[in-house]
Every structure is written in C-alpha cells, then in structure tokens.
Amino acid sequence: MADKKPPKEPKEKKVRKEKKEKNKKEDVAEKVVKKPRKHCSRNPVLARGIGRYSRSAMYSRRAMYKRKYAAPKTRIERKKKEKVPATISKPVGGDKNGGTRVVKIRKMPRYYPTEDVPRKLLSHGKKPFSQHVRRLRSSITPGTVLIMLTGRHRGKRVVFLKQLASGLLLVTGPLTINRVPLRRTHQKFVIATSTRVNLAGVKIPSHLTDAYFKKKRLRKPRHQEGEIFDTEKEKYEITEQRKADQKTVDSQILPQIKKIPQLRGYLRSVFSLSNGVYPHKLVF
Amino acid sequence: MVFKCYVEIGGVAYISFGPHASKLVAIVDVIDQNRALVDGPCSGVRRQAMPFKCMQLTDFLLKFPHSPHQKYVWAAWEKENINTKWKATRRAKKIEARERKAKMTDFDHYKVMQAKKMRNRIVKHEVKKLQKASTQKGSPKKGAAQKAQTANVFAKKIPLKKAEGQKASGQKAPAK
C-alpha cells in the first residue's frame, strides 16, 4: 500500500500528472486516507473454505497492524443523547432577594382532560355562509351571454360580468338594450350560452358588491297602527349612484357588443320554447 | 314495393348507425343473409363483417371481383373518386345540413330567424306588388304569373342571403 502514496518528485511527463499533483497537495495539506485499490485475496484457496494462511498470518500479510480504525459508533451509542439538565437554578428577586431556587425545566401538566382526543362538536366542519366555497360553472366566464330563467326578466339575454363574493352572478343587460340593469342573479337559474362578448379591457367598479345590491328595508315599525306601511319603502327609487354605475359599465360594454354583428338584436330578443323545440336537444 | 337497389359486390354503402356511423363503405363479400364483409380503406373503416341493417345502399358501384385485397378496393375507390362524388350528392349535403342544424347555437337560431324574416318580407313585398299590378290589369292569369315571379325573386334573393350569416345560408340551400 506504500506504493499508493505518490512520489515526492513531480513526474510531469506522465499522463497522470494532474492527478499526482493533486495528490501531492492533498498530502501536504493533511494526511488523507485515499480509497485504496482493491487487492486480490492474499490468502490463496487450498480447498473451498480453507485458506493457506492462518488468522494471525493473515493479520500480518494484510498489514492490519498499520490499519487501526476506530470502532464505528454503535446504534445504542448513537441513540444515547446528551443528558439535558432536568432543573435549573434561578436567582430569587423581589421580597426574598438573594439566594437561588431550583426550578424544574419540564413541569408536570396542570390539567388532565377526561378524553384523550376530545370529541368533535356537532358543528364541526359546518361553516357559516360567508365562508362557503363558491363554485362557478366552467361554461360561465366574463362576457358570456346568459339567458335568465326566473324573475321579472325571464327569457332575457344578458351579459355576465363577474361572480360576487356571495356566489351570485353580477349581470347587466346592458340597460339600453334590454332594460336589465346591473343586477344579481343566481347561477342555477340561468342558461349559459356559448356566445361571448370580449370584456378584456372592461373595468367593473370595485364598490359593486353584495352589500351594494342588497335590498334595503326599514326595520323600525313604530307601533302606530295607521302609519306602519307608509314609513317603509313602498316604491323602489333608482338612486343616482346606480345610474352612474350603470353608465360607466355599459359604456365600456356597448362598443364590444357593436363589434359582433347582430349581437345587439340578439340581446334585445327574448328566449322562448315553441313546438318541436326540446331543451335537451338544444345546443346553447 | 319492388326493390330498386340490390346488394352487389362493389356496392358502396352509407353506414347509418353504429360505431362507424356516417361513413362510406364498399361491400366486398356477402357472408350470409344478414351480414356482409365490408371494407372502407378511404373512409377509415377496417375490413369487417357488418349487418345489412346498418347499411344504406348508395348508387355508386365499384368494379372489383368478390373478396379482393384491400389495396384493390382502395384502387377502385380512388379511381371512381367516390369521396368527392359522394360529397357532391344531394343526399350527403342534406345529411351535412342536418348535422349543422343540430349544432346551431342559440345565437345562430336568432340569426337564421332574422334571415328568414327578411327573406319572407322581401318575397311578400314582391307578391303584393304583383297582386296590385294584376288587380289593376284585371287578368285571370295573375296566379300563375305571380308564382313564376316569386320563384325568380327567390332565386335572386338567396345569393344575397349567402353573404349574411354563415350557418343561416347553409340551412337555406338544402331546405329549398
């Protein structure tokens, strides 16, 4: 194995020059044990299972006296961790100043529950409406023309804008086309057609939320029998803000509608079934 | 009713239902009363047995002896140009129009409705004009004359309509 150590004189002409130089550097830095090349068995076989030399002879033949390895750390030794101190001494301050007291680091629990894994409440996993998962049919994307099925605008074709936080769909006629204002509808009561309007650059004002559209009711009936129904809002009045919002949204959508031929007339028309028209056979 | 088309070797058939619906196929051999050996190298149908029930005969006939190899069927098919001839037949066009009609979306329905409305309006306008003209003249042959005239109007207006909606025109040509 002594042959394995490179000669001190650099042999530059040899092909293995770089390797040897590297080895030299390594040797100079620290005595590194390099991977020894495997030697064939030094104990020739006489018969199967029987070698020429005894154990002690092999010891010297293999030069084990030179190779002293540290015993590998056994599993037990590896597992044995350093003992963490169980207690600590802390100085006493305050009234009884001076001196130290001994404090446990890991203390016993001050409460043991009756059940190891506490039983789940009946309301476990039941979320309030505001935290429900909102889904939207893949056929409904911003700009899709929807057919309303219920409500006072049933049968009308309408442009989808976005889905609100409550899951309802924000929709607009536009107003000048079919008298449907900015309105909320339910996904289930709507047929999505495959006709789309390009709403790429359209910005819908962010204050159009569920709270904006929620119906307002006066909740203080003063118990005067004659006038209960007068104070409550009988007639719905369109606020100026609604008109302004309608204008901002529609003015962005109308030019996009005008680009598609006949789309304006389509949105003005109303959907209906007639003889021989079966919804399950229709392609929307 | 007396049968008019007969199953012949080399007859081209249109498959009406099944996994190979709406494809053309050549009859290569007859297996028994209900089945034929059939091959459609130019229409993507592997050589197989097929019941006569799902085949509808066409007028096309290829020339080859019974049970030829597929390459001869292919050669005869290409020689007769069956694919192009089939597409030119009225039957194929009607089938295509029917398929297109089934795929019409709601918007297309609207466009077709508008086109029909327009066309009818124009026709009615012409008819009214002719009626007026004939009542002024007071001749009894106005009925025939009107019908002939409106047929001309039809012919004039259909090319105009083709410029309109894409599918709308497709519906009208075979419907007429």
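This section reports on the structure supplied with the text. (Residues numbered from 1 in each chain as written. Chains lettered and ligands numbered in written order. Predicted model: local features only at pLDDT ≥ 70, side-chain atom pairs only at ≥ 80, totals over all residues. Heavy atoms only, no water.)

Some thoughts on the overall build of chain B
Across its full length, chain B carries six helices and five strands. Each helix (α) and strand (β) of chain B, taken in turn from the N terminus, gives the series β-β-β-β-β-α-α-α-α-α-α. Expressed as a percentage of its 176 residues, the buried residues of chain B come to 34%. Considering only contacts within chain B whose residues lie at least 6 apart along the sequence, 51% involve residues at least 24 apart. Looking at chain B as shown, the accessible area adds up to about 11800 Å², and 56% of this sits on carbon and sulfur atoms. (Helix = DSSP H or I, 4+ residues; strand = E, 2+ residues; numbered from the N terminus. Buried < 20%, exposed > 50% of the residue type's maximum accessible area, 1.4 Å probe, protein only. Contact = heavy atoms within 4.5 Å. Areas by Shrake-Rupley, 256 points an atom, 1.4 Å probe, with all protein chains shown as cover.)

Brief notes about the overall build of chain A
Helix and strand content of chain A: eight helices and nine strands. Across the 284 residues of chain A, 23% fall into the buried class. The long-range fraction of contacts in chain A, counting pairs at least 24 apart against all pairs at least 6 apart in sequence, stands at 53%.

A closer look at the interface of chain B and chain A
The interface of chain B with chain A comprises ten residues on the first partner and 16 residues on the second. In terms of surface lost to chain A, no three residues of chain B exceed Asp 106, Phe 107 and Tyr 110 of chain B, which account for 64% of the buried area on that side. Applying the counting rule to chain B against chain A returns one salt bridge. There are four residue pairs in polar contact (both at pLDDT 80 or more) connecting chain B and chain A. Of the residues forming the side of chain B that touches chain A, the biggest block, six residues, is contributed by helix H4 (residues 106–137) of chain B. Its residues assigned to classes, the side of chain B that touches chain A comprises four nonpolar, three polar and three charged. (Buried area = accessible area lost by both parts, 1.4 Å probe. Salt bridge = Lys/Arg side-chain N within 4 Å of Asp/Glu carboxyl O. Polar contact = N/O pair within 3.5 Å; in protein donor to acceptor, adjacent residues only side chain to side chain. Nonpolar A, V, L, I, M, F, W, Y, C, P; charged D, E, K, R; others polar.)

Side note on the packing of aromatic side chains
Overall, the coordinates contain five aromatic pairs over all chains when judged by the stated rule. On the basis of an interplanar angle of 40 degrees and a centroid distance of 4.6 Å, the ring pair of Tyr 266 of chain A and Phe 107 of chain B is categorised as tilted. Placement of the pair is Tyr 266 of chain A in helix H8 (residues 263–268) and Phe 107 of chain B in helix H4, with the two residues belonging to separate chains. Each member of the pair, Tyr 266 of chain A as well as Phe 107 of chain B, is classed as buried. Ring centres of Tyr 266 of chain A and Tyr 110 of chain B lie 5.7 Å apart, and the angle between their planes is 55 degrees; on these two criteria the pair is classed as tilted. In this pair, Tyr 266 of chain A is assigned in helix H8 and Tyr 110 of chain B in helix H4, connecting two distinct chains. Taken together, the ring pairs connect Tyr 266 of chain A together with Phe 107 and Tyr 110 of chain B into an aromatic cluster. The ring of Phe 129 of chain A has Arg 134 of chain A sitting right over it, with the charged end atom 4.4 Å from the ring centre. (Phe/Tyr/Trp six-rings, centres within 6.5 Å; stacked < 30°, edge-to-face > 60°. Lys NZ or Arg CZ within 6 Å of the ring centre and 35° of its normal.)

Digging into helix H7 (residues 240–259) of chain A
Residue and element names in this part refer to chain A. Between its first and last C-alpha, H7 extends 29 Å over 20 residues, near the 28 Å set by a 1.5 Å rise per residue. Along H7, the sharpest change in direction is near 30 degrees and occurs at Asp 250. Along H7, the residues classified as buried are Asp 245, Gln 246, Val 249, Asp 250, Ile 253, Leu 254 and Ile 257. Here the buried face of H7 lies against strand S6 (157–163), strand S7 (169–172), helix H4 (175–178), helix H5 (210–213) and H8. (Expected span 1.5 Å × (residues − 1). Bend = angle between axes of the 7 residues up to and from the residue.)

These values are about where atoms sit, not about what they do.
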